[in-house]
Amino acid sequence: MSQTLTDTTPGGIEYDEQPLLQIRNLEVGFQTQRGLVPAVRGVDITLYSGQTLAIVGESGSGKTTTAQAIIDLLPGAGKVTAGQVLFEGRDLTKLSAKDIQAVRGNLIGYVPQDPMSNLNPVWNIGFQVEEAIKANGLAQGKEARARTIQVLQEAGLSDAADRLKQYPHQFSGGMRQRVLIGIGLSARPKLLIADEPTSALDVTVQRQILDHLDTLTRDYGTSVLFITHDLGLAAERAEQLVVMYKGKVVESGPSQEILANPQHPYTQRLVSAAPSLASRRIQSAKHANAGDAVIFGEGSLDDTLVARAADRENAAPAKDLISVQDISKVYRIRKKGLRTDELRAVDGVSFGIQKGTTTALVGESGSGKSTVAKLILQLESITSGAIEFDGQDVAGLKGKELLKFRRRVQPVFQDPYGSLDPQYSVGNTIVEPLLAHGVGTAKERQARVKELLDQVSLPWASRFRYPSELSGGQRQRIAIARALALKPDVLVLDEAVSALDVLVQGQVLNLLTELQTELGLTYLFITHDLAVVRLVADNVCVMQKGRIVEAASTDNVFDNPQQAYTQELLAAIPGGNFQFGR
Amino acid sequence: MLWYTGRRVLQMIPVFFGATFLIYFMVFSLPGDPIAALYGDRPPAPGVIEQIRAQYNLDKPLIQQYLIYIGNFFQGDLGTTYSGRPVSDVMAGAFPITFRLAMLALVFEAFAGIFVGLVAGLRKGKWFDASALVVSLLLISVPTFVLGFLFRLVFGVQLGWFRTTVSSEAPWGELILPALVLASVSFAYIVRLTRASVADNLNADFVRTATAKGLSRRRVVTVHVLRNSLVPVVTFLGVDLGSLMVGAIITEGIFNINGVGGTVYKAIVLGESTTVVSFIAVMVVIFVLANLLVDLLYAALDPRIRYAK
Amino acid sequence: MPNKRGQAHFVAELEDTPVAAIDRLDESHKARSTWADAWDSMRRRPMFWISSVLILIIALVALFPGLFTSVSPNLDCQLSNSNGGPEAGHPFGFTRQGCDVYARTIFGTQASVTVGLLATGLVTLIGVVVGSLAGYYGGWLDAIVSRIGDIFFAIPTILGAIVLMSVLPAATPTSVAFVLAIFAWPQIARIMRGAVLTATNSDYVMASTALGVSKFRILMRHVIPNSIAPVIVIATVSLGTFIVAESTLSFLGIGLPTSVMSWGNDISQAQTSLVTNPQVLLYPAAALSITVLAFLMLGDILRDALDPKARALR
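Residues numbered from 1 in each chain as written. Chains lettered and ligands numbered in written order. Predicted model: local features only at pLDDT ≥ 70, side-chain atom pairs only at ≥ 80, totals over all residues. Heavy atoms only, no water.

Per an unreviewed UniProt entry, chain C goes by ABC transporter permease and derives from Cryobacterium adonitolivorans. Per UniProt, chain C carries the Sequence similarities (unreviewed entry) text "Belongs to the binding-protein-dependent transport system permease family." What the UniProt record of chain C gives under Subcellular location (unreviewed entry) is the line "Cell membrane". (UniProt positions renumbered as here; feature names shortened; annotations may be inferred.)

If you look chain B up in an unreviewed UniProt entry, it shows as ABC transporter permease from Cryobacterium adonitolivorans. Regarding chain B, the relevant UniProt record gives this comment under Sequence similarities (unreviewed entry): "Belongs to the binding-protein-dependent transport system permease family." Comment text from UniProt for chain B, heading Subcellular location (unreviewed entry), reads "Cell membrane".

What follows is the structure in structure tokens.
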């Protein structure tokens, strides 16, 4: 593994200029009932002033712990057990509580991950910003108030002066994140630690905020340590990259170089799994006639697409398996006092899905996409319009008819931690639909569970496991197995891969593609993530504020978007046009 | 806030009528002869029964009886005690004493409870925390009246620090010992609640962010941890008022204090049911009103409640 | 020199950072349900064993008081022993009536524990049924049940019990338990309703609905099992508080009649001879406090073991 670029001292060659931040052989452990569990194991990071460095890794890789260790923000049980954190040559791990307090805010700013939980709900926004300004000795008294307004305005809240007295819950997620960025940068620190600052936000908002953050840090000359799970985002925003895996750095160096020429097998995996606009639809290994599994095959892609298109044209104008006609869903919302307001969550939506194809419903939060899923699944009733499944109107189905419909249309939900009953073992979870519909004998059901576990690549022994013992990806595979138990025709996948790490996400998407080919399934794929859409969908409907603004084949939407909103969404995909090392 | 207040007041109305009706119903309509029950072991002269039935409107339908009762209640006629004194009179004399006792107890349980709970929460797992937990468990498991006897025995009789009975004017100084007894159980609950709440908030994201801003530890603890931990404690104080009332009956009984509780205690021991019921009806009303107050305080402490639609 | 400012391209040794298969099932430990998990964490705490052993002993004393003393608590009373100190065979001394304090404490266990158990059982039954129906079916049922609960909640348990006990004829452990339960059920109903509401809105319930599982089956198989944990905790703690409540009523003279031996009655009677003979108060009070303490500790341990937040941290 010894290349010319690889130095024997990890973290870089000693140059004349002193790095702003140099982490050397950092080790962090967490005290648990079973003793000290290492979370960060010998990490080296070097960051020069004015640069942006991204730490990339999946959940549990130790990236956040590393960042928190820098300014001693580790939770109670966490401890730095070895190594140094040199900031301008001073070892921060050796500082007294008082000295590190002087570093925080003033020299090193911090922008946390979740804007919903990082502002104190009982204090108003002005108070929380002013507090930071006063604590860092930037201004006192009346001046502090003026400075507060200035900080918030710079962070992109133009009406800051009027909103100082408002509380966090009166702000949107994006607005709160701007407040947090304002706080982090209020003292013009030399280094800003930004821990997944936009993961909880919609892509368009994410883009605005990151652009703004770029501008601010460039203007102030602030270095940024950027923590993210998103390789695309890292590629777009940082010139230096550190890839972490299981508490260790597996690869680090200049972003371009790593992305163009990933050396470590883990980095290679990450790079190849990162969805982007340049990706193509995943083809089933069998469909593509490849001998072994092609993860993101390109080879016979065009041929198969042509073949598919031809198939479709030759077939008589196929009837849609699911046909949604001008459906609306109106909620009544109680306003202050006795007035009620109408919320049109879904507003005149129509589309059709052909058998054996995947239609993606894309939109940001509040676009009504998940409501459409619930309407189709008959979990909520439509206000107007009609939903036909296999030629039959399904609105208002009752009793046996509804049960028959449920057998054929099954859901997989977003949250892998919420969609499985924590008290049910894997075996009981999968067998439940069979029991509910009275399918087979105990022995036959047992055999079916085995078959299903096999289909989602989980060992037979896993039937005794409980959800709390499984990873997110495994839970989602269980959810898929449960949905497949009754041999349905349609799966409604509501953000089914959104909560998963990119590699696991790729794995589940592959699984879904294989199953589609094997079982002839029809998918309605609901997501906020356009990059994923390209990997799996045949057709795309883009939703905004309860309406479909654009509907076309996937290639058309990506290569030739008609609507401004679609173009905006596409442009906002992080690292969208970045050509990952291939 | 205005909408919130209005809604809470509206919600309180059915609770108020329901609770008073329930008490009225229990006393006057349950199987068994209420008049006989009211008089306990001393049966009244024949003929008196009819007179009393008419006096208490027991010859009328239940709802009408209740409405007359509640109408009188609003006019300040809370009934009469066994000896014929109006309950409102006794109340007026006894209330200030009980108010003083309750205030002392509240101040003690709130301040000491929050302080001990805060320190224990900040040092979770250390010796102070462990001993605070043990002491609070002990205080909860020893009934108030046992503690009252013990305190009286140890601090009053054996050490002679306090008088064992309180004089009829009940000056503040003499109320300290009874107030400590009265506050003990609630103190223990507040310690436990504050401790859990502080320990929870210490791990909150916004506390980490506050630390990252460069605030001192002291400020983080007071402004962010403690301030947020007060919200559940305040809600607890409302519910706890009920046990404070029961505690007042027992404590005032043991220390022979002429407050509301002491009067109820004597009435219970002597079997004067009318007096007991009248006083407890008033207590329930106070409880309902105090909980309304606590709800408003809760909204004042937590903006998310205040602005909720 | 490449990368004048910045890190050189570093690649970790592969032996040092082996890459595992993506998302492989961790089979290094045995499969455990949430309940097995809770049990596992409980049995490691000495407090759990202390409180369990205490509760076991208390249960034995309540069921078979004759096993623990051969002295009769009523019949062997001799006024010549009045307020006598401890002596051979009578380790706790005598009451004013000359009865053996130890024997009375042993025989008083049954009434106190019966009230506690029965009241807890009733409250839990009412609370779970009412709370789950209100939370699960919602609508007008919820509205009515919740308002009724509010009304009962507005009357502090012991205050309500005082009123009811002072008009009811002769009390028995059963009637005391019923009276306490009448005013105490809304607390558990509220907790259950909240937990049921959370479970009902969970994704796994939505998934089961979409799978075609019947509404009632979802309630019984998914919602209630996932909502019962906080109720178990509160019920355990309530058992102790009901025992205290019974003793408070007995102390006021409106609980169990003096013919029934209970700790509350003994403590109440002890007040007359408190100054001269404090042990008469001390022993039944200690027995009562230890019982309550045992249930409180068990409740605390259950809370730690069943609390999902605490579990996530392990």
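Read on, since the account is not over.
Asks: Mind showing me how you'd approach the sheet that holds strand E14 (residues 384–389) of chain A here?
Replies: To summarise the sheet geometry, strands pair through backbone hydrogen bonds and adopt either a parallel or an antiparallel arrangement. Here 4 strands make up an open sheet; going across it, the order is E12-E11-E14-E15 (chain A) and the pairing antiparallel. In this open sheet, the two strands that pair with only one neighbour each are strand E12 (340–354) and strand E15 (392–393) of chain A. (Pairing = 2+ DSSP bridges. Helix = DSSP H or I, 4+ residues; strand = E, 2+ residues; numbered from the N terminus.)

Asks: I tried to follow unusual backbone geometry on my own but got confused; where do I start?
Replies: Backbone phi values are negative for most residues with the exception of glycine, while trans is the configuration of most peptide bonds. Residues and elements named next belong to chain A. Unlike most non-glycine residues, arginine 188 shows phi in positive territory, near 50°. Structurally, the position occupied by arginine 188 is in the loop between helix H6 (173–185) and strand E7 (191–195). Relative accessible area serves as the criterion here: at 40%, arginine 188 is assigned to the partly exposed category. (Buried < 20%, exposed > 50% of the residue type's maximum accessible area, 1.4 Å probe, protein only.)

Asks: What should I look at first to understand the pairing of strand E6 (residues 108–111) of chain A in this one?
Replies: For a regular strand, the rule is simple: side chains alternate between the two faces of the sheet. Residue and element names in this part refer to chain A. On E6, burial covers both faces: Ile108 and Tyr110 on one face and Gly109 and Val111 on the other are all buried. Across 4 bridges, E6 lies against E7 in parallel orientation. Its bridge partner lying in E7, tyrosine 110 is registered against isoleucine 193.

Asks: Is there a simple way to explain the sheet that holds strand E1 (residues 21–32) of chain A in this structure?
Replies: Residues and elements named next belong to chain A. Ordered in space as E2-E1-E4-E5, the 4 strands form an open sheet in which the pairing is antiparallel. Looking at strand neighbours, the two that pair on one side only are strand E2 (35–47) and strand E5 (90–91), the edges of this open sheet. As judged from the 8 bridges shared by E1 and strand E4 (residues 78–87), these two strands associate in the antiparallel manner. Note that in E4 the partner of leucine 21 across the bridge is phenylalanine 87. Contacts from helix H1 (residues 63–70) reach E1, E2 and E4, with the element oriented near 110° to E1. (Contact = heavy atoms within 4.5 Å. Axes fitted to C-alpha atoms, helices over the stretch in contact; angles between N-to-C directions.)

Asks: What exactly am I supposed to notice about the interface of chain C and chain B here?
Replies: Reports of interface size often rely on the accessible area that becomes lost once the parts have come together. Counting residues at the interface gives 40 residues for chain C and 43 residues for chain B. Together, the buried faces of chain C and chain B total about 3600 Å²; carbon and sulfur atoms form 83% of this surface. At the boundary of chain C and chain B, one finds 1 salt bridge. Between aspartate 300 of chain C and arginine 192 of chain B there is a salt bridge, and its shortest N-O distance comes to 2.7 Å. (Buried area = accessible area lost by both parts, 1.4 Å probe. Salt bridge = Lys/Arg side-chain N within 4 Å of Asp/Glu carboxyl O.)

Asks: Just checking my understanding: could you explain a nonpolar patch on the surface for this structure?
Replies: Residue and element names in this part refer to chain C. Taken together, Val53, Ile57, Leu60, Leu63, Phe64, Leu67 and Phe68 make up a surface patch of nonpolar side chains, about 670 Å² in accessible area. Among the structural elements, leucine 67 can be located in the loop between helix H2 (46–63) and helix H3 (101–137). Of the residues examined, leucine 67 reaches a relative accessible area of 65% and is grouped as exposed. (Patch = residues over 30% accessible without salt bridge, like charges linked within 9 Å, V, L, I, M, F, W, Y side chains within 5 Å. Areas by Shrake-Rupley, 256 points an atom, 1.4 Å probe, with all protein chains shown as cover.)

Asks: Looking at this structure, I do not really get the UniProt feature "transmembrane region" (unreviewed entry) in chain B. What am I missing?
Replies: The UniProt record marks residues 12–30, 97–120, 132–155, 175–191, 225–250 and 276–301 of chain B with the feature "transmembrane region" (unreviewed entry), using the residue numbering of this structure. Across residues 132–155 of chain B, helical content stands at 92% and strand content at 0%; the span's end C-alpha atoms are separated by 22 Å.

Asks: I keep staring at the pattern of salt bridges and nothing clicks. Help me out?
Replies: A side chain of one charge can pair with a side chain of the opposite charge when the charged atoms of the two come close. Residue and element names in this part refer to chain A. Counted by the stated rule, this structure contains 36 salt bridges over all chains. The salt bridge partner of glutamate 88 is lysine 190, with a shortest N-O separation of 2.7 Å. With glutamate 88 in the loop between E4 and E5 and lysine 190 in the loop between H6 and E7, this residue pair connects regions lying 102 residues apart in the sequence. Take glutamate 88: its relative accessible area is 34%, and that puts it in the partly exposed class. For arginine 408, the salt bridge is made with aspartate 489, and the minimal N-O distance between the two is 2.4 Å. Taken together, the positions of arginine 408 in helix H13 (residues 399–408) and aspartate 489 in the loop between helix H16 (472–484) and strand E17 (490–494) put the pair 81 residues apart, joining distant regions of the chain. Sharing partners across several salt bridges, the network here consists of Asp211, Asp214, Glu236 and Arg237.

Asks: Would you mind going over the interface of chain C and chain A with me for this structure?
Replies: Contacts between the two partners involve 49 residues from chain C and, on the opposite side, 77 residues from chain A. Where chain C abuts chain A, roughly 5600 Å² becomes buried across the two surfaces, and 54% of that area is made up of carbon and sulfur atoms. Among the residues chain C hides against chain A, the three largest losses belong to Gln7, His9 and Leu211 of chain C. Together they make up 15% of the total. Joining chain C to chain A, the criterion identifies 1 salt bridge. Of the charged contacts in the structure, one is a salt bridge between aspartate 16 of chain C and lysine 248 of chain A, with a shortest N-O distance of 3.2 Å. Where chain C touches chain A, the interface holds 19 residue pairs in polar contact (both at pLDDT 80 or more). Of all the secondary-structure elements, those providing two or more residues to the side of chain C that touches chain A are strand E1 (10–11), helix H1 (34–42), helix H7 (203–211) and helix H8 (215–251) of chain C. Considered class by class, the residues forming the side of chain C that touches chain A number 22 nonpolar, 13 polar and 14 charged. Two elements, strand E10 (residues 248–254) of chain A and E1 of chain C, share 2 bridges in a ladder whose sense is antiparallel. Bridging across to E1 of chain C, serine 252 of chain A finds its partner in phenylalanine 10 of chain C. (Polar contact = N/O pair within 3.5 Å; in protein donor to acceptor, adjacent residues only side chain to side chain. Nonpolar A, V, L, I, M, F, W, Y, C, P; charged D, E, K, R; others polar.)

Asks: How should I be thinking about the packing of aromatic side chains in this particular structure?
Replies: On inspection of all chains with the given rule, the structure shows 22 aromatic pairs over all chains. Ring geometry for phenylalanine 155 of chain B versus tryptophan 161 of chain B: centroids 5.6 Å apart, planes at 35°, classification tilted. Residue phenylalanine 155 of chain B is classed as partly exposed on the basis of its relative accessible area of 23%. Ring-pair connections join several aromatic residues into one group, and the members of that group are Phe21, Tyr24, Phe25 and Tyr66 of chain B. A cation sits over an aromatic face here: lysine 215 of chain C above tyrosine 136 of chain C, 5.1 Å from the ring centre. (Phe/Tyr/Trp six-rings, centres within 6.5 Å; stacked < 30°, edge-to-face > 60°. Lys NZ or Arg CZ within 6 Å of the ring centre and 35° of its normal.)

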